[in-house]
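Structure at a glance
In case you want the letters, here they are:
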Amino acid sequence: MSTPDAPVSLRRRLALRGLDGTTLLIAPALLFLLAVFVYPFLYGLWLSFAPKAGPWFSNYAAFFSDPFQYNTIWTTLALALPVTVISLLVAIPVAFRVRLMRRQRLLTTILVLPITLGTVLIAQGLLNYLGPQGWFSRTLMFLHLTGGPVRLTHNYWGVFASILITGFPFTFLLTLSYVTGIDPALEQAGATLGASAWQRFRHIFLPLLVPGLAISFLLSFVQSFAVFPSAVLVGAPAGPTRVISIAAYQAAFEKYDYSMASAIAMIMAAVQLVVVVLVLAGRNMFYRGSTSGGKG
Amino acid sequence: MIRDTSIGARLWTTAVWVVVGFFVLNLLAMIATVIIDSFATRWLGTWLPVGLTTKWYSSAWSEFQLGQVLVVTFEIVFTVVLLAGLLGVTAAYAMARRDFPGKRVVMLLFLLPLLVPPITYGIPMATVLYQSGVGGTFWGVVLANLVPTVPFVVLVMIPFIEQIDPKVEAAARVFGAGTFRLFLYVLLPMLLPGILAALLLVLVRTIAMFELTFLAAGPTSQTLVVVLYYSVFAPGVRAVQSVDAMAVIYMVTTLVWLLLALRFVNPTQIVARARTQQAN
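These remarks concern the structure in this document.

Calculation rules
Residues numbered from 1 in each chain as written. Chains lettered and ligands numbered in written order. Predicted model: local features only at pLDDT ≥ 70, side-chain atom pairs only at ≥ 80, totals over all residues. Heavy atoms only, no water. Helix = DSSP H or I, 4+ residues; strand = E, 2+ residues; numbered from the N terminus. Rg over C-alpha atoms; globule rule 2.2 N^0.38 Å. Buried < 20%, exposed > 50% of the residue type's maximum accessible area, 1.4 Å probe, protein only. Contact = heavy atoms within 4.5 Å. Areas by Shrake-Rupley, 256 points an atom, 1.4 Å probe, with all protein chains shown as cover. Lys, Arg positive; Asp, Glu negative; His and termini not counted. Charge placed at Lys NZ, Arg CZ, Asp CG, Glu CD. Phe/Tyr/Trp six-rings, centres within 6.5 Å; stacked < 30°, edge-to-face > 60°. Lys NZ or Arg CZ within 6 Å of the ring centre and 35° of its normal.

1. Re the overall build of chain A
When helices and strands are tallied, chain A shows 12 helices and 0 strands. In chain A, the succession of α and β elements from N to C terminus is α-α-α-α-α-α-α-α-α-α-α-α. On C-alpha atoms alone, chain A measures out to a radius of gyration of 25 Å, which is more than a quarter above the 19 Å that the 2.2 N^0.38 rule sets for 296 residues. Each principal axis of the C-alpha atoms in chain A carries an extent, and together these give about 85 × 70 × 35 Å. Residues counted as buried form 53% of the 296 residues belonging to chain A. Taking the intrachain contacts of chain A between residues at least 6 apart in sequence as the baseline, contacts between residues at least 24 apart amount to 71%. Here chain A displays about 13800 Å² of accessible surface, and carbon together with sulfur accounts for 69% of that area. Each charge class in chain A can be summarised by its mean position, and for the 19 positive and 7 negative side chains these summaries are 12 Å apart.

Dropping the structure here:
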């Protein structure tokens, strides 16, 4: 609200633009986010350019000249990209089947489980389940698919499975919400005109879905890129699955070099941003518009 | 609905269900191994454990001081729920009812903490929290957990508030209700299902939120999931079954609230509330 002494006309002018006592209800939440989310991020950006020693860019120079550090980017991409692509490729056909189901609730509830349980519990479960003596390995040996126990924990594949289990339901539920948002009348029109299932998907659904799929891809990529607990617990954090968040954590809480840690966090954000910009730029080459039928 | 009955279409449908079945089977088997192991006397190199016992629960309870950890966890979680509800619902009301310059920027600001992964903004945030002295304390953990939950409540509540006809509020005003009475007797009863759903989801998310709690917590402000992480992180110190018993206790604390939440919300809302609103 404007100050009580201000002329009434000012208050009315503000109210006409939508600024009155009710709008001020945003202020607490907004101030909170500015203080605890925006300010730390900007402070981190500034801190990353204020290294413990050397010129302003030396944190970044140190990161990009040490293979142990800059390889974490590739390690993380090598985990996050395949998982995201596989999740999306599997989620699309499954979402197309599930949209026809009457009772989706049981399946969606089962799929919400891993999102709710969180990465730590999944990692703990996978250590038992995928371990050399776990049920998975035993089943493969029982079916004579492998000669001996398979090693799936404390390496790349353990982390891969862990991100897939937590990431796939997320991708699937997002994709499902986009797929069900498309008017079935469009598909019926295509079928009436003699389009086969593949043609209906390729020429009707896919163009309408691309914007939504791009968003699903980005959200699940960004989440998998920030993998942390499972890379430590089911991975090999010293080597093959030393992802970028581990590098940032070690700088902050093992070497207490907050400046370097902020620099790595900024590099992590920058890589995510690059992928986001690339995907969004690619999306603009496709059709964008209404997903509902009818005239228009 | 179009029914395709050719052999190719049937094979395709079967393949899709096999993939879903494989995923769900592995997921449930993984959860089952944790539960079975927590009751096992000894389980090495066989399909099922040698014998069953409940002793790991009492040993986990005393080893990890779970009683105290649970008290801390619920103190933190309910503080977060209360504050996120207060900040989130008021902001959502203003966002739903008013159109003001810069609204798109504010909306983007509310979306960002949900889109950026916690570990990315968590490290600079923990730095600031530690420098201002709240890092490692109860309030540090609460502040850190409020960052994703306040925007979550805002985004879930906006469509709920938009559904309420402003004429109802105008009528209450005509009959002389002040802002407080309007909120208490008109808005709150109509918004209660939405608020309850949003807060239950905040509850589940906060119990399961590892990264932010991990970065902001000190020895006395660790929640259950962080204690679980540390015990898995240091293998060999304690029996696996004991860790699994704690994992089961963690699972139960989360799932009870999830099942309660699912009575009020559609599961897809947990990931896609804001998006489905735009898509429809």
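2. Details of the packing of aromatic side chains
Between two aromatic rings, the relevant description is the distance of the centres plus the angle of the planes. In total, this model carries 36 aromatic pairs over all chains according to the counting rule given. Their ring planes at 75 degrees and their centres at 4.8 Å tell us that Phe-96 of chain A and Phe-205 of chain A sit as a pair that is edge-to-face. With Phe-96 of chain A in helix α4 (residues 67-98) and Phe-205 of chain A in helix α9 (residues 197-225), this pair connects stretches of sequence that are 109 residues apart. Residues Phe-96 of chain A and Phe-205 of chain A agree in their burial class; the two are buried. A ring pair is formed by Trp-157 of chain A and Phe-160 of chain A, whose centres lie 5.2 Å apart and whose planes are at 65 degrees; its orientation type is edge-to-face. Of this pair, Trp-157 of chain A and Phe-160 of chain A are both found in helix α7 (residues 156-179), 3 residues apart, which corresponds to roughly one turn of the helix. Cluster of aromatic residues (ring-pair linked, three or more members): Phe-228, Tyr-249, Phe-253 and Tyr-258 of chain A together with Tyr-130, Phe-210, Phe-214, Tyr-229, Tyr-230 and Phe-233 of chain B. It is Arg-138 of chain A that lies over the ring of Trp-47 of chain B; its NZ or CZ is 5.4 Å from the centre. Just above the ring of Phe-152 of chain B sits the side chain of Arg-205 of chain B; from NZ or CZ to the centre is 4.5 Å.

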